[in-house]
Amino acid sequence: ELKVEQNPLFLSMQEGKNYTIYCNYSTTSDRLYWYRQDPGKSLESLFVLLSNGAVKQEGRLMASLDTKARLSTLHITAAVHDLSATYFCAVNFGNEKLTFGTGTRLTIIP
Amino acid sequence: DTAVSQTPKYLVTQMGNDKSIKCEQNLGHDTMYWYKQDSKKFLKIMFSYNNKELIINETVPNRFSPKSPDKAHLNLHINSLELGDSAVYFCASSLRVFYTFGSGTRLTVV
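Focus: the overall build of chain A
Move 1: Scanning chain A for helices and strands turns up zero helices and 11 strands.
Move 2: Taken from the N to the C terminus, the helices and strands of chain A come in the order β-β-β-β-β-β-β-β-β-β-β.
Move 3: The C-alpha radius of gyration of chain A comes to 13 Å, within 12% of the 13 Å expected for a compact globule of 110 residues.
Move 4: In terms of overall dimensions, chain A has a C-alpha envelope of 40 × 30 × 20 Å along the principal axes.
Move 5: Taking all 110 residues of chain A together, the buried fraction comes to 45%.

Section: the sheet that holds strand β8 (residues 73–78) of chain B
Residues and elements named next belong to chain B.
Move 1: Ordered in space as β1-β3-β8-β7, the four strands form an open sheet in which the pairing is antiparallel. With partners counted over all chains shown, the strands left at the sheet margins are β1 (4–7) and β7 (64–70), one partner each. Taken over all neighbouring pairs, the strand axes of this sheet differ in orientation by 20° on average, direction set aside.
Move 2: Relative to β8, β7 runs antiparallel, the two being bridged by five bridges. Each residue of the ladder has a partner; that of Pro66, found in β8, is Leu76.

Describing the pairing of strand β2 (residues 10–13) of chain B
For a regular strand, side-chain orientation follows a simple rule: the groups alternate between the two sheet faces.
Residue and element names in this part refer to chain B.
Move 1: Of the two faces of β2, the one lined by Leu11 and Thr13 is fully buried and the one lined by Tyr10 and Val12 carries no buried residue.
Move 2: Pairing geometry for β2 and strand β11 (residues 105–109), over four bridges, is parallel. For Thr13, the partnering residue across the bridge sits in β11 and is Val109.

Examining the interface of chain A and chain B
Move 1: Facing the 20 residues of chain A at the interface are 20 residues of chain B.
Move 2: Between chain A and chain B, roughly 1700 Å² of surface is buried when both sides are summed, and carbon and sulfur atoms account for 58% of that area.
Move 3: On the chain A side of the contact with chain B, A:Glu96, A:Lys97 and A:Phe100 bury the most area, a combined 30% of that side's loss.
Move 4: In this assembly, chain A and chain B are joined by one salt bridge.
Move 5: In this structure, the salt-bridge partner of A:Lys97 is B:Glu58, at a minimum N-O distance of 3.0 Å.
Move 6: There are seven residue pairs in polar contact (both at pLDDT 80 or more) connecting chain A and chain B.
Move 7: Listed by contribution, the elements that provide at least two residues to the side of chain A that touches chain B are β4 (32–37), β5 (43–49), β9 (85–92) and β10 (98–100) of chain A.
Move 8: Looking at the side of chain A that touches chain B residue by residue, the classes come out as eight nonpolar, seven polar and five charged.

Conventions and cut-offs
- Residues numbered from 1 in each chain as written.
- Chains lettered and ligands numbered in written order.
- Predicted model: local features only at pLDDT ≥ 70, side-chain atom pairs only at ≥ 80, totals over all residues.
- Heavy atoms only, no water.
- Helix = DSSP H or I, 4+ residues; strand = E, 2+ residues; numbered from the N terminus.
- Rg over C-alpha atoms; globule rule 2.2 N^0.38 Å.
- Buried < 20%, exposed > 50% of the residue type's maximum accessible area, 1.4 Å probe, protein only.
- Pairing = 2+ DSSP bridges.
- Axes fitted to C-alpha atoms, helices over the stretch in contact; angles between N-to-C directions.
- Contact = heavy atoms within 4.5 Å.
- Buried area = accessible area lost by both parts, 1.4 Å probe.
- Salt bridge = Lys/Arg side-chain N within 4 Å of Asp/Glu carboxyl O.
- Polar contact = N/O pair within 3.5 Å; in protein donor to acceptor, adjacent residues only side chain to side chain.
- Nonpolar A, V, L, I, M, F, W, Y, C, P; charged D, E, K, R; others polar.

Now the structure itself:
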């Protein structure tokens, strides 16, 4: 079965702290995506990771992909309130569709 | 210009009614999708069309029928609506590795 698991499901962080969201998937893929969703809004593309060892950074967010471990991480550095949102990873297993993780609801506390 | 546009944004209807959601993309993408996001925020593929041809049809009640009149449009018709159909429905399109999501249609069945 093609599965994508994220953890944690819920995360409360203090401003200024660092944390990592983990995304594991069940079978071989080298196409992994990270999205952000604000309440009542659409999915905003954050990162597209297309090879083993890929690392991408944008502002306080950095994503990486280890295809051998079937693991991607989304690292948050010095969190600020604006980063509060739900973050999804999604994997393309070679069948056109994206299979999404359960999402991580991130709340940044002042 | 909106890349992937869905109408309506909100839809409130009674059980047993039939309703349609429309989606259009102006990106020149060749594949379009419908995803359902339930009350727990979980996102799941429903259908996918490539150049007007159905390529993915997940386990969805046959009350749901997609139609793609051309590669820029993918509509979703739902017959005999049930309470459990209440969700946010996202249209998306893709070309190669890049996906774009619409703003979503929040369907509430009462």
